[in-house]
Amino acid sequence: MSEKDRELMVKAEGLVKIYKTKETEVLALQGLDMEVEKGELTALIGNSGSGKSTFLNMIGGIDRPSAGALFVDGKNLFTMTEKELVRYKRDTVGFVWQNNGRNMLPFLSVLENIMMPMNISGAKSKKQKALELLEMVGLSSKKNSKMNMLSGGEQQRIAIAIALANSPKLLLADEPTGSVDTKTANYIFDIFTELNKNGQTILIVTHDVQLSKKVKRVVAIRDGKISSERVLKEGYQDRVRESGIDWMAEDSQDEFAVLDRAHRVQLPQELLEEMGISDNKVKISSRNGEIIISKP
């Protein structure tokens, strides 16, 4: 692999995923290409059915593509043996699920739940590491509590601690703020920001507009392909933890359309409607270094 590839945490090339039933086929990914550098905090956004959760599940080693290649931390996920895949899911990725119950066992205490992944991997100093993670998510006082004694927001913070138990190189989070209030969502984002500041690579799938407007890089998936990227403007990059900013109102990011490997670009439906384009033809011209797309 090239020097650049060694700096990448995720490299996806032409990912295609087809789900088949007796009656129909659903094309969830349509040749998706994407790279995530080591140390990045990246958000994936898109409508329901756009393919973002399918992509996250592939990175997590839960799903496999119908075609394409996927490398995580230099490892080719689709040539791994089952034994290698188990080791990968244990050591390379940590997963925070939308349904946080998937991360924890209700009959164990909070501390025991955090220690569970370390018991499986055979890590040392398990209790000390679990206590440090509890402190990081601000729930040291809950170490002996059972999960049914915690609020939904507290459970989600514990789920983050569990996902970090084996010090994964890549943290995946599927709608981590989807079922919590705004105050808890901000607290969870602050945890991610602090982790990222210390070098943790994080990939988040989210519908939370306020959260996505704070992230340095936001990748939009539409119809199973990357359609655009938003990048946090330089003036906002050191202000993500400020409480006085109305992130919903601020124009905090620059948006860029993304060309695929065949130099194709997706045009947002709302722009086509605004231009009055109802068929599949547009006129393309260039002027003063700009590409002009207009109605025929």
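Residues numbered from 1 in each chain as written. Predicted model: local features only at pLDDT ≥ 70, side-chain atom pairs only at ≥ 80, totals over all residues. Heavy atoms only, no water.

## A word on the overall build of the chain
Then, number 1: A count of helical and extended segments in the chain gives nine helices and 13 strands.
Then, number 2: Taking 19 Å as the expected radius of gyration for a compact globule of 296 residues, we find that the chain reaches 21 Å, a close match to that expectation.
Then, number 3: The C-alpha extent of the chain, read off along each of the three principal axes, is 70 × 50 × 45 Å.
Then, number 4: Here the chain, with 296 residues, has 46% of them falling under the buried criterion.
Then, number 5: Relative to all contacts within the chain whose residues are 6 or more apart in sequence, the contacts with residues 24 or more apart total 65%.
Then, number 6: Split by element, the accessible area of the chain, about 16,100 Å² in all, is 48% carbon and sulfur. (Helix = DSSP H or I, 4+ residues; strand = E, 2+ residues; numbered from the N terminus. Rg over C-alpha atoms; globule rule 2.2 N^0.38 Å. Buried < 20%, exposed > 50% of the residue type's maximum accessible area, 1.4 Å probe, protein only. Contact = heavy atoms within 4.5 Å. Areas by Shrake-Rupley, 256 points an atom, 1.4 Å probe, with all protein chains shown as cover.)

## Overview of the pattern of salt bridges
Then, number 1: Per the counting criterion, the structure on display carries 11 salt bridges.
Then, number 2: With a shortest N-O distance of 3.2 Å, Asp63 and Lys17 are connected by a salt bridge. Of this pair, Asp63 sits in the loop between α2 (52-59) and β4 (67-72) while Lys17 sits in strand β1 (residues 8-20), and the two are 46 residues apart along the sequence. Accessibility classification places Asp63 together with Lys17 in one group, the buried group. (Salt bridge = Lys/Arg side-chain N within 4 Å of Asp/Glu carboxyl O.)

## Section: the packing of helix α6 (residues 152-163) against helix α7 (residues 182-197)
Then, number 1: With their axes 10 Å apart at the nearest point, α6 and α7 run at an angle of 10° to one another. In terms of orientation, α6 and α7 fall into the roughly parallel class. Residue-level inspection shows Gly153, Gln156, Arg157 and Ile160 of α6 in contact with α7, the latter providing Thr184, Tyr187, Ile188, Ile191 and Phe192.
Then, number 2: Counted by class, the contact of α6 with α7 contains five nonpolar, three polar and one charged residues. (Axes fitted to C-alpha atoms, helices over the stretch in contact; angles between N-to-C directions. Parallel < 35°, antiparallel > 145°, perpendicular 65-115°, else oblique. Nonpolar A, V, L, I, M, F, W, Y, C, P; charged D, E, K, R; others polar.)

## With respect to a negative patch on the surface
Then, number 1: A grouping of Glu255, Glu270, Glu273 and Glu274 is seen on the molecular surface, where their side chains present a negatively charged patch.
Then, number 2: With three residues, the top contributor of residues to the negative patch is helix α9 (residues 269-275).
Then, number 3: Within the element layout of this structure, Glu270 appears in helix α9.
Then, number 4: Looking at Glu270, the relative accessible area reads 52%, which means it is exposed. (Patch = residues over 30% accessible without salt bridge, like charges linked within 9 Å, V, L, I, M, F, W, Y side chains within 5 Å. Lys, Arg positive; Asp, Glu negative; His and termini not counted. Charge placed at Lys NZ, Arg CZ, Asp CG, Glu CD.)

## Focus: the sheet that holds strand β6 (residues 93-96)
Then, number 1: Strand order in the open sheet formed by seven strands is β6-β7-β8-β3-β9-β10-β11, with mixed pairing between adjacent strands. Edge strands, defined here as strands with exactly one partner in the open sheet, are β6 and β11 (253-257). Each strand of the sheet is rotated relative to its neighbour by a mean of 20°, with strand direction disregarded.
Then, number 2: Sheet topology note: the β6/strand β7 (residues 170-174) ladder contains four bridges and is parallel. By the bridge assignment, Val93 is partnered in β7 with Leu170.
Then, number 3: The strands touched by α6 are β6 and β7; relative to β6, the strand with the most contacts, the crossing angle is about 170°.
Then, number 4: This element, α7, spans β3 (41-45), β7 and β8 (201-205) of the sheet and lies at about 150° to β8. (Pairing = 2+ DSSP bridges.)

## Some points on the confidence of the model for the chain
Then, number 1: Residues at a pLDDT of 70 or more form 94% of the chain, whose mean pLDDT is 84.
Then, number 2: Predicted confidence in the chain is weakest over helix α1 (residues 3-6), with a mean pLDDT of 48, and strongest over β8, with 94.
Then, number 3: This stretch, residues 1-5, has a pLDDT under 50; its non-local contacts, to residues over four places away or in other chains, come to five contacts. (pLDDT = per-residue confidence, 0-100.)

## Some points on the nonpolar core
Then, number 1: Residues Ile114, Ile158, Leu171 and Phe192 are the most contacted members of the largest nonpolar core, which totals 45 residues.
Then, number 2: Counting only elements with at least two residues in this core, the list comes to β3, α4 (110-121), α5 (126-136), α6, β7, α7, β8 and β9 (217-222).
Then, number 3: Once residues lying within four places of it in the same chain are set aside, the contact partners of Phe192 are Ile160, Leu171, Ala173, Pro176, Ile202 and Ile204.
Then, number 4: Core analysis: the next-biggest nonpolar cluster, separate from the first, contains 30 residues, Leu44, Leu70, Phe95 and Leu172 among them. (Core = buried A, V, L, I, M, F, W, Y, C linked by side-chain atoms within 4.5 Å.)

## A few points about the sheet that holds β4
Then, number 1: Sheet architecture is open: four strands sit in the order β2-β1-β4-β5, paired in antiparallel fashion. Among the strands making up the open sheet, the edge pair consists of β2 (25-37) and β5 (75-76).
Then, number 2: As defined by bridge partners, β1 adjoins β4 across five bridges and the pair is classed as antiparallel. The partner of Glu13 across the bridge, within β4, is Ala69.
Then, number 3: α2 rests against β1, β2 and β4 of the sheet, and its axis sits at about 120° to β1.

## Describing α6
Then, number 1: Its 12 residues place the ends of α6 16 Å apart at the C-alpha level, agreeing with the 16 Å of an ideal helix rising 1.5 Å per residue.
Then, number 2: The element α6 is largely enclosed, with a buried count of 11 among its 12 residues.
Then, number 3: Turning to α6, its buried residues are Gly153, Glu154, Gln155, Gln156, Arg157, Ile158, Ala159, Ile160, Ala161, Ile162 and Ala163. (Expected span 1.5 Å × (residues − 1).)

## What about the pairing of β4?
Then, number 1: As judged from the two bridges shared by β4 and β5, these two strands associate in the antiparallel manner. Paired with Val72 across the bridge in β5 is Lys75.
Then, number 2: In textbook terms, the turn of a hairpin is the stretch between consecutive antiparallel strands, and for β4 and β5 this stretch comprises two residues, one of which, Asp73, has a positive phi near 55°.

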